[in-house]
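Coordinate inspection notes
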Amino acid sequence: MKQILLLWFLWCTLFSCTDTITKEKSKAQNNEPYVKKAPEWSKNANIYELNIRQYSEEGTFKAIETDLDRIKELGVDIIWFMPIHPIGMMNRKGTEGSYYSVQDYKDVHSEYGSLQDFKDLVNAIHEKGMYVIIDWVANHTAFDNVWVEDGHLDWYTLDSVGELQPPLGTDWWDVADLNYDNADMRAAMIDALQFWVRDCDIDGYRCDVADWVPTDFWNDARYALDTIKPVFMLAEAETPELHEKAFDMTYGWHFHFVMNEIAEGKKNVNDIRAYLNDTNKVFKREDYRLHFTSNHDENSWKGTVKERLGDAIKTFAVLSATMEGAPLIYNGQEASLDKRLEFFEKDAIEWTDFSMTPFYQQLLRLNHENQSLWNGEYGGEIQVISPESDSLGFAFYRAMNEDEVLCVFNFSSQERTVKFDNPSSNSLTELFNDSELASEQGEITLPAWGYAVYHNE
């Protein structure tokens, strides 16, 4: 009798779970469409990109775990790990290879530690009140990926003689292009994505070259992941349609390039205005955007922040942290990183000069706590308050509920008085020097590449 009751209970439980999933699929496919929604905790989150190989001499998960208090004190909400998977040997670039040449989607690179080490790291990060996303490379794999070795050549884009090939138009000869016309490959990719959420409790993904992968795949993947738990999805892309059913946040690549060119004297405030106008036309208020002065690509291939931004490093860090969207810090920026980290070799960050840390702490803390700077519709819209005739001075105001910020910039190499129409009826305090901006005060003088961030305390 006990055995019969136990079987009955198990059958009911299985039926209940299956029925729930069936109902959710019905919603997604019929009259009640699945609605993607960013996790509540992401509304005021900022992001820290961590390059495991270069983060420490050890280059391990364990070495990161010992540094979590420092990262937390920096003001970080989300830690994004560059790819954690085994790296392919066939056609490998350099000695260590590219992180983005994935040999096995369900394993970790042995040099970083074990799968259990990674699970322990995720747990430790969660205990500190932070979240974890990992890099996902869905467009291509290593030539010696386990899928190839298992005989799934039809999962790949083959050349005229039936051989694996890199993504067309690239020099990525260490990776093989995947075939998204193959339903079995899609299912295996989604299964692998679910593995890290279900078994390792990560909180989402940063997806490499996301717009090179069909949007309908990402839509299916997001739905499948959200059936496990609400996830946060960041696309390395600037395609508005990715926001509709798949991604919460997309890259602000265009704005990053505008900042670089202003620093070089090739562009000015008019280009910021144009960017804001264009962005408002194609992105919705609820679409989160990512802003940055550096990341692994820019640092290794385009140059350090010193090379690209010169004396305006802090200026553009402030701008990227106060624009609509979330700021990204690339590991080492808080330690005045001033070298291009080798991409295919071991090249550890030198953690010696922490003079930039207080600066980033103030920025990230304000971004997290001041509601006017929160992401998407949770934050305040940018109101440009400097005159259109000024192509070197720029000021904007954002407000949400009781919080407000007023930011002023001098995008020139000379001292300059920047005028603006101050909409605040309150006296505001400057973030970095505690000076006050009086109610309705309409101008301030800034040094070369100067900036001021006024906020209500």
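The preceding data block contains the structure.
Everything in this summary refers to the structure shown in the same document.

Thresholds applied
Residues numbered from 1 in each chain as written. Predicted model: local features only at pLDDT ≥ 70, side-chain atom pairs only at ≥ 80, totals over all residues. Heavy atoms only, no water. Core = buried A, V, L, I, M, F, W, Y, C linked by side-chain atoms within 4.5 Å. Buried < 20%, exposed > 50% of the residue type's maximum accessible area, 1.4 Å probe, protein only. Helix = DSSP H or I, 4+ residues; strand = E, 2+ residues; numbered from the N terminus. Pairing = 2+ DSSP bridges. Right-handed = clockwise from strand over helix to strand, strands pointing away. Expected span 1.5 Å × (residues − 1).

1. So, the nonpolar core
Counting residues in hydrophobic clusters, the biggest one holds 122 residues, and the most contacted among them are Phe81, Phe118, Trp136, Met189, Trp196, Tyr205 and Trp218. By residue number, the principal contributor to this core is helix α7 (residues 183-200), which donates 10 residues. Tyr397, Phe420, Ala452 and Tyr454 belong to the second largest nonpolar core, which has 13 residues in total.

2. Observations concerning the pairing of strand β6 (residues 204-207)
Consecutive side chains of a regular strand alternate in pointing toward one face of the sheet and then the other. Here β6 shows no split at all, with Gly204 and Arg206 on one side and Tyr205 and Cys207 on the other all buried. Examined bridge by bridge, strand β3 (residues 131-136) and β6 share 3 bridges and lie parallel to one another. Across the sheet, residue Ile134 finds its bridge partner in β6, namely Tyr205. In this structure, β6 lies alongside strand β7 (residues 232-235), joined through 4 bridges in parallel fashion. Each residue of the ladder has a partner; that of Tyr205, found in β7, is Met233. In this view, the connection linking β6 to its parallel neighbour β7 by way of helix α8 (residues 215-226) has right-handed handedness.

3. Digging into α8
For α8, which comprises 12 residues, the first-to-last C-alpha distance of 17 Å matches the rise-based estimate of 16 Å (1.5 Å per residue) to within 8%. When you tally the buried positions in α8, you get 9 out of 12 residues, the bulk of the element. Buried residues of α8: Thr215, Phe217, Trp218, Asn219, Ala221, Arg222, Tyr223, Ala224 and Leu225, and no others.

Geometry only, nothing functional implied.
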